[in-house]
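Structural description and commentary
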Amino acid sequence: MEKFTTLSGVAAPLMRANIDTDVIIRIERLTGTQRAEMGAYAFEALRYRADGSENPDFVLNQEPFRGAPILLAGANFGCGSSREGAVWALMGAGVRCVVAESFGDIFFNNCFQNGLLPVRLPAADVQRLAEQCAGGNARLTVDLARRRVVSPRGEEMPFAIEAMRRDALLEGLDDLGLTLKHTAAIEAFQAHDRQARPWVWQPG
Amino acid sequence: MPVQTSSDKLALFDKIWNSHVVADLGDDWVLLHIDRHLLHDLSGARALEEIAQRGLTVRNPELAFATPDHAVSSAPGRNEATFAPGADLLRGLRRRSAETGIRFFDLGEDGQGIVHVMAPELGIVLPGTVLICGDSHTCTNGGVGALAFGVGSSELVHALATQTLRQRRPKRMRVRFEGTPGQGVGPKDLILHLIGRIGAAAGTGHAVEYAGSAIRALPIEGRLTICNLSIELGAKMGMVAPDDTTFEYLAGRRFAPSGAAFDCAVAAWRELPTDADAVFDREEVVDAADVSPTITWGTSPEQAIPIDAAIPDPDSAPDLVRREAWRNALDYMGLEPGRPIAGTPVDWVFIGSCTNSRLSDLREAAAMARGRHVASGVTAWVVPGSERVKRAAEAEGLDRVFTEAGFAWREPGCSMCVAANGERVPPGQRAVSTSNRNFVGRQGPGARTHLASPVMAVAAAVAGAIADVRRL
Ligand code: SF4
């Protein structure tokens, strides 16, 4: 997993609510496309018009937002399907951080598995950031160690993140490696459970 | 801070969660034991591939079950090659399942079908178990009293390799549906009504329990429909406490315990329901008698209205964000505010998906379709949720009722719910679908989806327009 420490860069305001993972990456792209190539298809339905040309109204097609590493989004970003391809597509398109009032639960988890930082801020703060970024100077700083977003005007906005998740991101740690250290506990649990709930262990 | 339930008053959720903690990781995080995995052709094939590439092993293959559903054709007489892009996924899932010792249900076999349809019908998911799948509608399986939730690819690999997941304890929410629903109102209407009222993000961060007299009165298939749309409420887990209805449903199913083991399991399952006085972080109550047949008008499941209502006007939206969202939705859907939703002409009708493709759904739809005919210009499909549903429906003659009424009767799978198999609603065309998502492009680029119940879908097919099933 990629580490995440501090990120400074352009933030693109995409302030619709309920942007779902079907919109972030279409399902067909999950069958034929390699993970590394999914960035080209991020937000396909919004990014292109029916004739395949770029939609100039879409924020990521506009300067200076093209390739922005930070997205400012409306509430419930990443709701819907569990497809981790949504995170791969965002990362492939250069996004490393999404700031929103709230996120879809499964998407939120998937972000941490890949080193994309989802930041929850109050709606009013996200709105203020979006207004400041829409105005031209669109650079934000996201400081994970200090749990702060610094706005273009220098305003510091603290955000919450559990220590465990923060540390894993700061160090790029893989969950699987950590869990394998608990193998003895897993074995003990299973041995006990086979006695306690035998019906779980003999399907069919 | 979430309100803590006092330790002796536990909710169904707490009882299942607490009994699956392998290790406490601090900060409300635990290592949670996983009792069942479902694998499908999109997420499962990829996860098993990654397990092999990383040199990992599947820790408990006997607890995993695989079947293709997303990327298979639903065309009558299909085989794995009918939808060529899905064939590799299907073959990959079949091969990796065989290599790792995972049970695989192939096309045409009892057990094949949409994972969330086949798991309850085969008794794979049981009360009190923790079940996962790389699919957000895994919450469906909570209808039998399980803790079931969708995960992404990384978590799926983690769970296959360790039979555990790192999870943070969610908050708890209870929704009580009380009373008796009126004519033409079924489980789909109840849950769409709830999402319309409290919003598509209301359940975020929560495990939701559905309770109340209207839920107790529902057969298991209706409870599965309710739980299916938990993720549309923002909650990755939804559940209904097991009761006699649940035990009767599970008795004799292929992978459920039998004989003395079943009795022993039932005794344990009877301990699962939420204790009286257990405290939830959020409670909602819906009077079922207040719910009308419900349909969505926009591109989020929260954009749901009674069938006799008018299409909302963005100028009357409660806030600026929603005003903008409503405008975008109306624009995409090609609808005018202020007009009645009923009477809007439709091009397609899709009866299927893990929401509404079980035998009871097809029986209700067939009862409505019998002696009627699909309007000219409308293409109407019925896609059974599983091979078992298909066979049972055919044994009752439901397939003939549908075909005589002008519906196409197809092979089991996800089909047009997500269009991963190339079966799409054409751009700009309007569909009434019994599925769960009306997102932009969900049923194909430019497709316009209205979510409704199976009987409302039949009403639309017959009328050639969105119609009130009570007036048919
Ligand atoms: S039927 Fe639709 S919602 Fe259900 S699993 Fe298949 S694609 Fe997902």
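Whatever comes next refers back to the structure up there.
A few points on the structure. Just so we're clear, the structure is a prediction, and the values are computed from it rather than from any experiment.

**Things to note about the nonpolar core**
Formed by 184 residues in total, the largest nonpolar core has its most connected members in Phe43, Phe77 and Leu117 of chain A together with Phe407 of chain B. Take this core: its biggest share by element is 8 residues, from helix H15 (residues 454–463) of chain B. Each of domain 1 (9–291) and domain 2 (298–471) of chain B contributes no fewer than three residues to this core. Not counting residues within four places of it along the chain, the set of residues in contact with Phe77 of chain A comprises Ile19, Ile24, Phe43, Leu71, Leu90, Val98, Ala100, Ser102, Phe103, Gly104 and Phe107 of chain A. With 26 residues, the next largest nonpolar core counts Ile191, Leu192, Ile195 and Ala202 of chain B among its residues.

**Structural notes on the pattern of salt bridges**
Taken as a whole, this structure holds 50 salt bridges over all chains when the rule is applied. Its salt-bridge partner being Glu63 of chain A, residue Arg66 of chain A comes within 3.3 Å of it at the nearest N-O pair. We classify Arg66 of chain A as partly exposed; its relative accessible area is 39%. Between Arg96 of chain B and Glu49 of chain B there is a salt bridge, with its nearest N and O atoms 2.9 Å apart. One end of the pair, Arg96 of chain B, is in helix H3 (residues 84–100); the other, Glu49 of chain B, is in helix H2 (residues 43–53), and 47 residues separate them in sequence. For Arg96 of chain B, a relative accessible area of 12% corresponds to the buried category. Using a relative accessible area of 27% as the deciding quantity, one classes Glu49 of chain B as partly exposed. Through salt bridges with shared partners, a single ionic network connects Glu80, Asp88, Arg91, Arg94 and Asp106 of chain B.

**Here we look at the packing of aromatic side chains**
Residues and elements named next belong to chain B. Taken as a whole and assessed by the stated rule, the structure comprises 17 aromatic pairs over all chains. Note on Phe65 and Phe255: the rings are 5.3 Å apart at their centroids and 65 degrees apart in plane angle, and the pair reads as edge-to-face. You can see Phe65 sitting in strand E4 (residues 64–67) and its partner Phe255 sitting in the loop between helix H9 (244–250) and helix H10 (259–269), a full 190 residues away along the chain. Just above the ring of Tyr249 sits the side chain of Arg253; from NZ or CZ to the centre is 3.8 Å. Seen from the ring of Trp381, Arg410 lies directly overhead, with NZ or CZ sitting 3.6 Å from the centre.

**Brief notes about the sheet that holds strand E6 (residues 130–133) of chain B**
All names here are of chain B. The parallel open sheet is built from 5 strands, whose spatial order is E5-E4-E3-E6-E7. What marks the edges here is a single partner per strand, and that holds for strand E5 (103–104) and strand E7 (147–150). Two elements, strand E3 (residues 36–40) and E6, share 3 bridges in a ladder whose sense is parallel. Of the residues in E6, the one forming a bridge with Arg36 is Leu131. Contacts from helix H5 (residues 153–162) reach E3 and E6 within the one sheet, and its direction differs from that of E3 by about 130 degrees.

**What to know about helix H13 (residues 387–395) of chain B**
Residue and element names in this part refer to chain B. For H13, every residue scored as buried is listed here: Glu387, Val389, Lys390 and Ala393. Considered in projection along H13, the buried side chains sweep an arc of 160 degrees and stay on one side of the axis. At its buried positions, H13 is contacted by helix H4 (115–121), helix H12 (359–369), helix H14 (398–404) and strand E17 (408–409). Looking one or two residues beyond H13, the residue adopting positive phi is Gly397, at roughly 80 degrees.

About the thresholds
Residues numbered from 1 in each chain as written. Chains lettered and ligands numbered in written order. Predicted model: local features only at pLDDT ≥ 70, side-chain atom pairs only at ≥ 80, totals over all residues. Heavy atoms only, no water. Core = buried A, V, L, I, M, F, W, Y, C linked by side-chain atoms within 4.5 Å. Buried < 20%, exposed > 50% of the residue type's maximum accessible area, 1.4 Å probe, protein only. Helix = DSSP H or I, 4+ residues; strand = E, 2+ residues; numbered from the N terminus. Domains from an automatic or database assignment. Contact = heavy atoms within 4.5 Å. Salt bridge = Lys/Arg side-chain N within 4 Å of Asp/Glu carboxyl O. Phe/Tyr/Trp six-rings, centres within 6.5 Å; stacked < 30°, edge-to-face > 60°. Lys NZ or Arg CZ within 6 Å of the ring centre and 35° of its normal. Pairing = 2+ DSSP bridges. Axes fitted to C-alpha atoms, helices over the stretch in contact; angles between N-to-C directions. Arc of directions from axis to C-beta.

It is worth stressing that arrangement in space is one thing and function is another; only the former is reported here.
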